[in-house]
Amino acid sequence: MARLNTFFLPPDQWPARVGDVVRLAGPEARHMGTILRTEKAQTVRLFDGQGRDGLFSVRDIAKNRAELEALELAEHPAPDGGLTLAIGWGKSKRRDYLLEKTVELQGDGLIFWQAIRSQGALPEDPKATWNEKFIQAAKQCGAVRLPELDTVSGGVDGLLAMAGEFDHCYLAWEAEEATTPLSPGMLSKGRTLVVIGPEGGFDPAEADKLIRAGFGPVTLGPSILRWETAAVYCLSLAMFGAQDRS
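Caption draft 1: Representation of helix α4 (residues 155–162) within the structure. Every buried residue of α4 is listed here: Gly155, Val156, Gly158, Leu159 and Met162. One side of α4 carries all its buried residues, which in axial view fall inside an arc of 155 degrees. In the core, the buried residues of α4 are packed alongside β6 (82–88), β7 (109–113), β8 (148–152), β10 (191–196) and α5 (204–212).

Caption draft 2: Just the packing of helix α2 (residues 95–104) against helix α3 (residues 128–141), in detail. At a minimum axis distance of 8 Å, the contact between α2 and α3 shows a crossing angle of 45 degrees. If you check the angle between α2 and α3, you find them oblique. Viewed along their axes, α2 and α3 form a crossing whose handedness is right-handed. Contacts between α2 and α3 involve Arg95, Asp96, Leu99, Glu100, Thr102, Val103 and Glu104 on the former and, on the latter, Trp130, Lys133, Phe134, Ala137, Ala138, Gln140 and Cys141. Residues that form the contact of α2 with α3 fall into these classes: 7 nonpolar, 2 polar and 5 charged.

Caption draft 3: Molecular detail of the environment of Pro217. Within the element layout of this structure, Pro217 appears in strand β11 (residues 216–218). A relative accessible area of 26% places Pro217 in the partly exposed class. Expressed as a C-alpha distance, the spacing of Pro217 and Gly154, which sit 63 residues apart in the sequence, is 21 Å. Those residues in contact with Pro217 that lie beyond four places of it in its chain are Leu171, Trp173, Ala178, Thr180 and Ile211.

Caption draft 4: Examining the side chain of Lys101 more closely. Note that Lys101 resides in helix α2. Residue class for Lys101 comes out buried when judged on its relative accessible area of 19%. With residues near it in sequence (within four places) discarded, Lys101 still touches Val232 and Leu235.

Caption draft 5: Local environment of the nonpolar core. Formed by 38 residues in total, the largest nonpolar core has its most connected members in Leu85, Ile87, Leu110, Phe112, Leu182, Val194 and Ile196. Where this core is concerned, the elements lending two or more residues are β6, α2, β7, α3, β9 (168–172), β10 and α6 (227–245). Sorting elements by how many residues they give to this core places α6 first, with 8 residues. Among residues more than four places away in sequence, those in contact with Leu182 are Tyr170, Leu187, Val218, Thr219, Leu220, Cys234 and Leu237.

Basis of the calculations
Residues numbered from 1 in each chain as written. Predicted model: local features only at pLDDT ≥ 70, side-chain atom pairs only at ≥ 80, totals over all residues. Heavy atoms only, no water. Buried < 20%, exposed > 50% of the residue type's maximum accessible area, 1.4 Å probe, protein only. Helix = DSSP H or I, 4+ residues; strand = E, 2+ residues; numbered from the N terminus. Arc of directions from axis to C-beta. Contact = heavy atoms within 4.5 Å. Axes fitted to C-alpha atoms, helices over the stretch in contact; angles between N-to-C directions. Parallel < 35°, antiparallel > 145°, perpendicular 65-115°, else oblique. Left-handed = near helix turned anticlockwise from the far one by under 90°. Nonpolar A, V, L, I, M, F, W, Y, C, P; charged D, E, K, R; others polar. Core = buried A, V, L, I, M, F, W, Y, C linked by side-chain atoms within 4.5 Å.

Everything listed here is a matter of geometry and, on its own, says nothing about what the molecule does.
Here you go:
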(Lines give C-alpha, C1' and ligand atoms only; values in the text may rest on other atoms or scores of the structure.)
Protein backbone atom coordinates (compact mmCIF):
# COMPACT_ATOMS: atom_id res chain seq x y z
CA MET A 1 0.00 0.00 0.00
CA ALA A 2 1.40 3.38 -1.02
CA ARG A 3 2.14 5.84 1.76
CA LEU A 4 -0.53 8.49 2.06
CA ASN A 5 0.31 12.18 1.87
CA THR A 6 0.17 13.72 5.35
CA PHE A 7 -0.96 17.18 6.47
CA PHE A 8 -1.19 19.02 9.77
CA LEU A 9 -4.53 20.08 11.25
CA PRO A 10 -4.38 22.27 14.40
CA PRO A 11 -5.69 20.51 17.53
CA ASP A 12 -8.53 22.99 18.05
CA GLN A 13 -9.91 22.03 14.62
CA TRP A 14 -9.77 18.26 15.13
CA PRO A 15 -13.10 16.50 14.36
CA ALA A 16 -15.08 14.88 17.17
CA ARG A 17 -16.27 11.88 15.16
CA VAL A 18 -16.10 10.04 11.85
CA GLY A 19 -18.15 11.87 9.23
CA ASP A 20 -17.30 15.35 10.50
CA VAL A 21 -15.96 17.82 7.94
CA VAL A 22 -12.81 19.88 8.51
CA ARG A 23 -11.19 22.64 6.50
CA LEU A 24 -7.55 23.30 5.72
CA ALA A 25 -6.25 26.75 4.86
CA GLY A 26 -2.90 28.49 4.54
CA PRO A 27 0.37 26.65 3.84
CA GLU A 28 -1.05 23.16 4.41
CA ALA A 29 -3.87 23.74 1.93
CA ARG A 30 -1.44 25.18 -0.63
CA HIS A 31 0.82 22.19 -0.17
CA MET A 32 -2.11 19.85 -0.70
CA GLY A 33 -3.66 21.59 -3.68
CA THR A 34 -0.84 23.40 -5.48
CA ILE A 35 2.29 21.36 -4.82
CA LEU A 36 0.91 17.82 -4.51
CA ARG A 37 -2.09 18.45 -6.81
CA THR A 38 -4.42 16.44 -4.60
CA GLU A 39 -7.76 15.67 -6.23
CA LYS A 40 -11.33 15.26 -4.98
CA ALA A 41 -12.16 11.89 -3.42
CA GLN A 42 -8.48 11.22 -2.72
CA THR A 43 -7.66 9.86 0.74
CA VAL A 44 -5.03 11.63 2.84
CA ARG A 45 -3.74 11.44 6.41
CA LEU A 46 -4.09 14.30 8.89
CA PHE A 47 -2.51 14.62 12.34
CA ASP A 48 -2.78 17.23 15.08
CA GLY A 49 0.63 16.95 16.76
CA GLN A 50 -0.93 15.91 20.09
CA GLY A 51 -1.36 12.21 19.47
CA ARG A 52 -4.32 12.12 17.08
CA ASP A 53 -4.33 11.16 13.41
CA GLY A 54 -6.76 9.77 10.88
CA LEU A 55 -7.75 9.17 7.29
CA PHE A 56 -9.76 11.81 5.45
CA SER A 57 -11.45 12.01 2.07
CA VAL A 58 -11.07 15.23 0.06
CA ARG A 59 -14.52 16.66 -0.66
CA ASP A 60 -13.46 19.93 -2.24
CA ILE A 61 -10.09 21.53 -2.97
CA ALA A 62 -8.65 24.73 -4.41
CA LYS A 63 -5.23 26.37 -4.35
CA ASN A 64 -5.60 27.84 -0.84
CA ARG A 65 -8.30 25.77 0.83
CA ALA A 66 -9.51 22.21 1.19
CA GLU A 67 -12.57 20.52 2.70
CA LEU A 68 -12.19 16.98 4.02
CA GLU A 69 -14.42 14.35 5.64
CA ALA A 70 -13.14 12.14 8.44
CA LEU A 71 -13.10 8.45 7.49
CA GLU A 72 -11.08 6.95 10.35
CA LEU A 73 -9.87 8.57 13.56
CA ALA A 74 -7.27 7.31 16.02
CA GLU A 75 -5.87 8.59 19.30
CA HIS A 76 -2.47 7.39 20.47
CA PRO A 77 -1.75 7.44 24.23
CA ALA A 78 1.00 9.72 25.46
CA PRO A 79 4.22 7.98 26.54
CA ASP A 80 4.83 7.78 30.28
CA GLY A 81 8.15 9.56 29.94
CA GLY A 82 10.49 11.19 27.50
CA LEU A 83 13.60 13.28 26.96
CA THR A 84 13.64 17.07 26.92
CA LEU A 85 16.84 18.80 25.83
CA ALA A 86 17.82 22.24 27.10
CA ILE A 87 20.41 23.65 24.72
CA GLY A 88 22.46 26.80 25.20
CA TRP A 89 21.43 29.38 22.62
CA GLY A 90 23.67 30.17 19.70
CA LYS A 91 23.38 31.58 16.22
CA SER A 92 23.74 28.51 14.07
CA LYS A 93 22.70 27.33 10.63
CA ARG A 94 22.47 23.83 12.09
CA ARG A 95 19.40 24.62 14.19
CA ASP A 96 16.99 23.37 11.53
CA TYR A 97 18.81 20.04 11.55
CA LEU A 98 18.30 19.80 15.31
CA LEU A 99 14.60 20.61 15.06
CA GLU A 100 14.10 17.87 12.48
CA LYS A 101 16.04 15.24 14.43
CA THR A 102 14.19 16.03 17.66
CA VAL A 103 10.96 14.97 15.94
CA GLU A 104 12.40 11.98 14.08
CA LEU A 105 14.02 10.61 17.24
CA GLN A 106 10.84 11.18 19.29
CA GLY A 107 12.13 13.85 21.65
CA ASP A 108 9.58 15.03 24.20
CA GLY A 109 10.69 18.65 24.27
CA LEU A 110 13.29 21.20 23.23
CA ILE A 111 14.31 24.25 25.24
CA PHE A 112 16.73 26.99 24.21
CA TRP A 113 18.34 28.82 27.15
CA GLN A 114 20.54 31.89 27.44
CA ALA A 115 24.01 30.78 28.52
CA ILE A 116 26.96 32.97 29.49
CA ARG A 117 28.80 31.89 26.33
CA SER A 118 25.75 32.10 24.05
CA GLN A 119 26.29 33.91 20.77
CA GLY A 120 23.62 36.56 20.46
CA ALA A 121 20.43 37.18 22.39
CA LEU A 122 17.84 34.45 22.81
CA PRO A 123 14.44 35.29 21.26
CA GLU A 124 11.79 35.97 23.89
CA ASP A 125 9.42 33.36 22.44
CA PRO A 126 9.84 30.34 20.13
CA LYS A 127 9.65 31.37 16.49
CA ALA A 128 6.80 30.13 14.32
CA THR A 129 9.34 28.85 11.80
CA TRP A 130 10.76 26.47 14.43
CA ASN A 131 7.38 24.84 14.95
CA GLU A 132 6.94 24.68 11.19
CA LYS A 133 10.16 22.63 11.02
CA PHE A 134 8.65 20.29 13.61
CA ILE A 135 5.53 19.89 11.48
CA GLN A 136 7.44 19.21 8.27
CA ALA A 137 9.61 16.61 10.01
CA ALA A 138 6.55 14.91 11.51
CA LYS A 139 4.88 14.73 8.11
CA GLN A 140 7.97 13.07 6.68
CA CYS A 141 8.50 10.49 9.44
CA GLY A 142 4.89 9.73 10.39
CA ALA A 143 5.05 11.11 13.94
CA VAL A 144 1.77 11.87 15.70
CA ARG A 145 3.24 14.14 18.39
CA LEU A 146 5.22 17.35 18.15
CA PRO A 147 7.81 18.09 20.85
CA GLU A 148 7.10 20.89 23.29
CA LEU A 149 9.09 23.97 22.37
CA ASP A 150 10.19 26.69 24.78
CA THR A 151 12.77 29.40 25.45
CA VAL A 152 14.15 30.15 28.91
CA SER A 153 15.73 33.45 29.88
CA GLY A 154 17.61 34.06 33.11
CA GLY A 155 20.41 31.63 32.38
CA VAL A 156 20.89 28.70 34.75
CA ASP A 157 18.33 30.15 37.18
CA GLY A 158 15.68 29.80 34.49
CA LEU A 159 16.54 26.12 34.09
CA LEU A 160 16.48 25.52 37.84
CA ALA A 161 13.00 27.05 38.03
CA MET A 162 11.62 24.31 35.77
CA ALA A 163 13.67 21.39 37.10
CA GLY A 164 10.81 20.33 39.37
CA GLU A 165 8.79 19.32 36.29
CA PHE A 166 11.21 16.43 35.62
CA ASP A 167 11.96 13.14 37.32
CA HIS A 168 15.65 13.18 36.36
CA CYS A 169 18.00 16.05 35.49
CA TYR A 170 21.46 15.69 33.95
CA LEU A 171 24.24 17.99 32.83
CA ALA A 172 26.09 16.88 29.70
CA TRP A 173 29.50 18.22 30.64
CA GLU A 174 32.74 18.07 28.68
CA ALA A 175 34.92 18.47 31.81
CA GLU A 176 37.09 15.70 33.21
CA GLU A 177 35.01 15.73 36.40
CA ALA A 178 32.12 14.14 34.49
CA THR A 179 32.95 10.43 34.47
CA THR A 180 29.50 8.76 34.40
CA PRO A 181 28.48 7.91 30.81
CA LEU A 182 24.95 8.84 29.84
CA SER A 183 23.15 5.56 29.07
CA PRO A 184 19.81 4.47 27.56
CA GLY A 185 18.71 3.16 30.96
CA MET A 186 19.13 6.60 32.51
CA LEU A 187 16.73 8.04 29.91
CA SER A 188 14.10 5.31 29.81
CA LYS A 189 12.08 6.08 32.95
CA GLY A 190 10.00 9.15 33.65
CA ARG A 191 10.51 12.65 32.32
CA THR A 192 14.18 13.51 31.87
CA LEU A 193 15.93 16.83 31.27
CA VAL A 194 19.44 16.93 29.81
CA VAL A 195 21.18 20.31 29.68
CA ILE A 196 23.70 20.94 26.89
CA GLY A 197 25.89 24.01 26.68
CA PRO A 198 26.22 26.39 23.72
CA GLU A 199 28.92 26.09 21.07
CA GLY A 200 31.51 27.51 23.47
CA GLY A 201 30.57 25.15 26.28
CA PHE A 202 29.48 25.86 29.85
CA ASP A 203 30.99 28.57 31.95
CA PRO A 204 32.36 26.83 35.09
CA ALA A 205 30.00 28.84 37.30
CA GLU A 206 27.00 27.55 35.35
CA ALA A 207 28.07 23.92 35.64
CA ASP A 208 28.81 24.30 39.34
CA LYS A 209 25.41 25.83 40.06
CA LEU A 210 23.55 23.06 38.19
CA ILE A 211 25.52 20.32 39.94
CA ARG A 212 24.96 21.87 43.37
CA ALA A 213 21.22 21.96 42.54
CA GLY A 214 21.20 18.20 41.92
CA PHE A 215 21.84 17.90 38.17
CA GLY A 216 23.92 14.76 37.62
CA PRO A 217 27.06 15.44 35.54
CA VAL A 218 27.41 12.94 32.69
CA THR A 219 29.83 12.43 29.84
CA LEU A 220 28.89 11.80 26.21
CA GLY A 221 32.17 10.04 25.45
CA PRO A 222 35.79 10.98 24.71
CA SER A 223 35.10 13.26 21.74
CA ILE A 224 34.26 16.95 22.09
CA LEU A 225 30.93 17.10 20.28
CA ARG A 226 29.27 20.02 18.57
CA TRP A 227 26.05 20.95 20.34
CA GLU A 228 23.79 19.47 17.63
CA THR A 229 25.80 16.24 17.63
CA ALA A 230 25.51 16.03 21.41
CA ALA A 231 21.75 16.56 21.11
CA VAL A 232 21.30 13.82 18.50
CA TYR A 233 23.45 11.46 20.59
CA CYS A 234 21.20 12.00 23.63
CA LEU A 235 18.03 11.61 21.58
CA SER A 236 19.32 8.36 20.06
CA LEU A 237 20.12 6.93 23.49
CA ALA A 238 16.63 7.83 24.72
CA MET A 239 14.93 6.27 21.70
CA PHE A 240 16.98 3.09 22.10
CA GLY A 241 16.10 2.95 25.79
CA ALA A 242 12.40 3.34 25.07
CA GLN A 243 12.46 0.54 22.51
CA ASP A 244 14.41 -1.73 24.85
CA ARG A 245 11.87 -1.11 27.64
CA SER A 246 8.93 -1.98 25.39
